[in-house]
Every structure is written in structure tokens, then in C-alpha cells.
Amino acid sequence: MNSAKVAYFSMEIALQKTVPTYSGGLGVLAGDTVRAAADLRVPMVAVTLLHRKGYFRQRLDREGTQHEEPVKWPVEKYLQESPARTAVTIEGRTVHIRSWRFDVTGESGFQVPVYFLDTCLPENSPDDRGLTDHLYGGDERYRLCQEIILGLGGFKMLRELGHSGIGKFHLNEGHSSLLALEVMREEAAKQGRTTISEDDIAAARERCVFTTHTPVPAGHDQFSLDLVSRVCEYCFDIAALKDIICYEGRLNMTYLALNLSGYVNGVAKRHGEVSQLMFAGYMIDSITNGVHAATWTSPSFRRLYDNYIPGWRENPLSLRYALNIPDDEILSAHGRAKKELLDVVEENSRIALNTDVFTIGFARRATAYKRADLLFHDRERLRAIASKVGPLQLIFAGKAHPRDEGGKDLIRRVFGSGNELSPDILFVYLEDYDMELGRIITSGVDLWLNTPEPPLEASGTSGMKAAMNGVPSLSILDGWWIEGCLEGITGWSIGEDGPAREVDGSKDALSLYHTLENTILPLFYENRKGYVEVMKNAIALNGSFFNTHRMLQEYVLKAYFR
């Protein structure tokens, strides 16, 4: 029998660049959670889908139009096939599932296994073999099939693998919510019943933990009951339980998770409040996200911390001692990280940026609410700031979902605006944003920019990664930044916070320009010691707290072993 007590389910888990089974923030958080569990020796096992053809490889033409290409990666090279097999029933057919294993090893040598579910087996039909090919691909039916495989198939696979002692099932977003039905069926079977009772529902609530990430109702997966009746073997259970797992006549994966989880949380304090309002009647706590410190720290800062703060990898809280690191060594480590970034820029875009010029970074999923174009609201104002106060250069990156035409248009607008500023302000948009490029950008720029429409930023973690490397943020007060921003100490805010705050792009842009012109650039160019003080505060105050070690300890205390 395996000893794992917590099973962590996520549609995507980012483990390394060469295993491209992730799209962005949700998967990166999942990977960081597993890494922290390995460091802290939390008895966890993780389950996800294989995504044999990945998310997609992004190619950008001269106008900034995104083109998507499938990702082919050698599964056998990076993952180990398990002999265990299980199956689910989809549309009346038996769909066979295997798993591939990746062991995440912590600082002490403790391992957390991650199992990737795969339907590419000869006993399956050609269509069924492709059900675990594409992350967030296909139509509504394809998505429902994937969620059946993840939730129901993942639960069954753990049993086949010998994980019989799981006490808690952590649902990272609602994609795996169907596993709660399997929990109830198992509880009923123990009592010799084939129908689900109130006791079985209570047992599921005792064993399931749900983390919601999406602060808008449209972002929650839901399926028509007609589709469910055709596709899912649990359609009779769903029909019998429709009062607690359906919403407005549809199978709603979020409501399923809300009703069958004993602990529910948002991913930042504000997000918890927004979720509580969105889902009135449910008790929704908050555990603010973090990042895995050792993963997202640049090589130069790792060496610096190893020298001045021994043990920081196992205990990121000790990064508070970064205040004692000499300024010149902070600047030297940052200089090396910046050079690494600019070398990558030149290699990929043939544009040579200057290490002495103030560099702003923005790398997020390209979708409308993240407002990647806010910086370009008034290009002449931006050009005047660079001319009057000090030169600027801009580095952007980010993918749009293949079906998000608004996101693709956003990339084109950013391209057009950025190129129009040249040669006064040099601009680069790096294509095919992934884990490795994310680490290089967040550690190498001088300022991290974040401009979402509040309250749509559930948490955000890119600014946390920047903080690990002494890079302060200039950000809208939303998500984690409401907690992390000490004005002029750890970074700077754009606009104001408040319950009655209206989204006004013009006002936000004016605030951004004002702070950049009157505070940030003068500090960087005229008072480098003052800027280094902000860099050190970003590490000591934000890096020491907004990490997955602290985050996972909260899950252990509040959810896993309460």
C-alpha cells in the first residue's frame, strides 16, 4: 500500500519545459504546489492528463498575428509508464486508461509522484485515443470527456496504483469535480448499497477540498444535461443529485465541487471575498497563492542566497534576511540575470537591448481583461517620459487561447503600438512563452508591470516570481498585489483600491504614467541606492511570504489534516 494521504488533481501541471502539459498560471501553480509538497515531505500524490500534443507552440508573424502549432514531445523520454490500467465508460464505450509517472524530488530527497493519464492505447478507438491529446482543446463534448477521465478515471487509477489511504482529494479548480461522485459510490458500496445517501454526501464533503481560481461565472465549466446523459455513465447519479450539483439546468462543475467539498478557498484575500459574493450561501476561505522559491529564482540570485542565507530553499521565510545583503551584490546578481534575459532577446528577435536602460517586463496570458495594451494608452506621453526622465525598453510575452480572437487582436495591437514607439523606445514581444522564458523575464527586467481589470485577477503569481529576484512591481491593486504592495517600499500601485472602484482605462493609464515619470524612473536613474532598497524589500517582505511553502502549510493546517 502506498502512503500518500492527499491526492492533488489538476487539469494541468507544469513540471519542466520539456514536459509541455500546461498552458499558464493554473498549471504553474500546480507544479509549484507539488514541488513544495516534496520539500516539506507532505504525503501527496498528484494526478493530471498527459496532453500528448501539449497546449500549442506559438508563432508570431511580423504583424503580431498568432499562429498555433502542435507540440510533439517524447513522452517515454521524460515519464515512466506504469503497468496499472483502469477504464471509464464514455457514450457506452469502455475507454481504457494508463498512467505515466514523474517523480518530483524535494530538497531532502522526499518524492511526490505525479501521474499523467493517457488514453492512447491500441484497445481504444482512434477518437478515444485522442481524448488526452490537447489541453483545453476541442468542443464541449471533448472537454466533458477529459473531465470524466481526470475525475473518475483518476480516482480509479489511484486505486489501481495501490493508493488506498487517501484521506483528502484536493480539486485544483473544478475540472476534476466528478471524482466526488466516485467517492460517494465507494462509500455506498462499503455499506452494501448501490444508491447514494445523505451519509455518502457527507463522507464526500469530509474528503474533498476545492480551490476555485476564476472570479467570473463564465469561466466555470458547465455542460448541458442532454450531453451528460449521452456521454457520462454517472448520468443517473447526476440526475438524482441535480439539486446539489446542477445550476440553471446544467451540470456545473463549480457547484458540484462547492456542494461536495468540506473546505473551499479562493486564491487571495480579495478573491475569497469576490467568490463569497459570487457563491452566496457557501463558506469560502482564502489561501493566497505563492511560487516555489528555488524554481523561480535566477542562477545568480540562487548563488547569492546560498552564500548569505543558507537554508533558504527549505525555508523561504528566511529570505527576510535579504535586507542584510550588500547593495552592490544585489546589483551584481541582478545585472547577471538581466544580461541573461537580453541575450535571449537578441538570440530570438535580433534586437540588441542595453543593460543600462530601464527595462519593463509584461508577460501574461493574452486576454482582454489583463490589458496588455494599457501601457500604450498614450504613446506620445510614454515617448515624452522616456525622453525627459530616462530611456525605456519594453519586453512583452504571452499566448492567446486559440479560440480567443480578442486575445489575438490584443497581441496585434501591442505589436503595432510597440513598434510605433521605435526607435525612441525599443520594444520586443517574445513568442512561445513557457516556464523557462517566464523565469528569465521575471528575473531579468527592472520592473514588473501588471494591469488587469479589477476584480478579475484572482491572484496572479508572475509578480511573486519577480519579487524572488528583487524585481519590484508596478501593478493594479487586485489579486495578490493588494496584500503585497507597500507603496514605495515593495513596489508601486496603479490607481486606487476600494469596493466602489470603477474600471477606467484612461485613469489607470494616467496613474501608471504619473508614477513611472515622477517616482520610479527618477529613483532608478538618480538614486540607485534607493531603488536597490525597494529591490531588497521586494525579496525580504514579498519573497519570504508569497511562496508555496507558506501556502502549502496553510493547506495542511486548514484543509488536509484538520
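Refer to the preceding data block for the structure.
My aim in this report is to walk through the structure given alongside it, one point at a time. (Residues numbered from 1 in each chain as written. Predicted model: local features only at pLDDT ≥ 70, side-chain atom pairs only at ≥ 80, totals over all residues. Heavy atoms only, no water.)

## Digging into the packing of aromatic side chains
Under the criterion given, the structure shown has 24 aromatic pairs. Plain terms: the ring middles of tyrosine 247 and tyrosine 255 are 4.4 Å apart, the flat faces sit at 5 degrees to each other, and that makes the pair stacked. Look at tyrosine 247 and you get partly exposed, because its relative accessible area is 35%. Ring pairs connect the aromatic residues Phe362, Phe376, Phe396, Phe415, Phe427 and Tyr429, which therefore count as one cluster. Across the ring face of tyrosine 234, the terminal group of arginine 185 is positioned such that the distance to the ring centre comes to 3.9 Å. When the ring centre of phenylalanine 545 is taken as reference, the NZ or CZ atom of arginine 550 above it lies at 4.4 Å. (Phe/Tyr/Trp six-rings, centres within 6.5 Å; stacked < 30°, edge-to-face > 60°. Buried < 20%, exposed > 50% of the residue type's maximum accessible area, 1.4 Å probe, protein only. Lys NZ or Arg CZ within 6 Å of the ring centre and 35° of its normal.)

## Topic: the side chain of arginine 371
Counting through the fold element by element, arginine 371 comes out in the loop between β15 (358-363) and α15 (379-388). The class for arginine 371 is buried, based on a relative accessible area of 7%. With sequence-adjacent residues up to four places away left out, arginine 371 is seen in contact with Phe362, Thr451, Pro452, Glu453, Pro454, Ile476, Val503, Asp504, Gly505 and Asp508. (Helix = DSSP H or I, 4+ residues; strand = E, 2+ residues; numbered from the N terminus. Contact = heavy atoms within 4.5 Å.)

## Things to note about the pattern of salt bridges
Pairing between side chains of opposite charge can happen when the charged atoms of each approach one another. What the rule picks out here adds up to 50 salt bridges. The salt bridge involving aspartate 32 is made with arginine 35; its shortest N-O contact spans 2.8 Å. Placement of both aspartate 32 and arginine 35 in helix α1 (residues 25-40) is noted, with a separation of three residues, approximately one turn of the helix. As far as the burial class goes, aspartate 32 and arginine 35 line up, both buried. (Salt bridge = Lys/Arg side-chain N within 4 Å of Asp/Glu carboxyl O.)

## A short note on the packing of helix α14 (residues 327-349) against helix α21 (residues 528-543)
Each pair of packed helices can be described by the angle between their axes along with the distance between the axes. For the pair α14 and α21, interaxial distance at closest approach is 10 Å and the crossing angle is 80 degrees. With respect to each other, α14 and α21 are oriented roughly perpendicular. For the pair α14 and α21, contact is made by Asp327, Ile330, Leu331 and His334 and by Arg528, Lys529, Val532, Met535, Lys536 and Ile539, respectively. Classifying every residue of the contact of α14 with α21 gives five nonpolar, one polar and four charged. (Axes fitted to C-alpha atoms, helices over the stretch in contact; angles between N-to-C directions. Parallel < 35°, antiparallel > 145°, perpendicular 65-115°, else oblique. Nonpolar A, V, L, I, M, F, W, Y, C, P; charged D, E, K, R; others polar.)

## Considerations on the sheet that holds strand β11 (residues 246-247)
One open sheet holds the three strands; their spatial order is β10-β12-β11, and the pairing between them is antiparallel. Pairing within the sheet leaves two strands with one partner each, and these edge strands are β10 (222-224) and β11. As paired strands, β11 and strand β12 (residues 250-252) are joined by two bridges and run antiparallel to one another. If you follow cysteine 246 over to β12, its bridge partner there is leucine 251. Packing against the sheet, helix α4 (residues 140-160) makes contact with β10 and β12, and its axis sits at approximately 115 degrees to β10. (Pairing = 2+ DSSP bridges.)

## Observations concerning a nonpolar patch on the surface
A surface patch of nonpolar side chains, amounting to about 230 Å² of accessible area, comprises Leu486, Ile489 and Leu541. By the element assignment, isoleucine 489 lies in the loop between α19 (481-484) and β20 (491-494). (Patch = residues over 30% accessible without salt bridge, like charges linked within 9 Å, V, L, I, M, F, W, Y side chains within 5 Å. Areas by Shrake-Rupley, 256 points an atom, 1.4 Å probe, with all protein chains shown as cover.)

## Re the pairing of strand β2 (residues 44-49)
Among the six residues in β2, six count as buried, and that is most of the element. Because side chains alternate across β2, one face comprises the buried residues Met44, Ala46 and Thr48, and the other comprises Val45, Val47 and Leu49, equally buried. Here four bridges tie strand β1 (residues 6-10) to β2, and the two strands are oriented parallel to one another. Note on β2: the bridge partner recorded for tyrosine 8 is alanine 46. As a crossover connection, the stretch from β1 through α1 into β2 is right-handed. Relative to strand β7 (residues 111-118), β2 runs parallel, the two being bridged by four bridges. Among the inter-strand pairings, alanine 46 is bridged to a residue of β7, identified as valine 114. (Right-handed = clockwise from strand over helix to strand, strands pointing away.)

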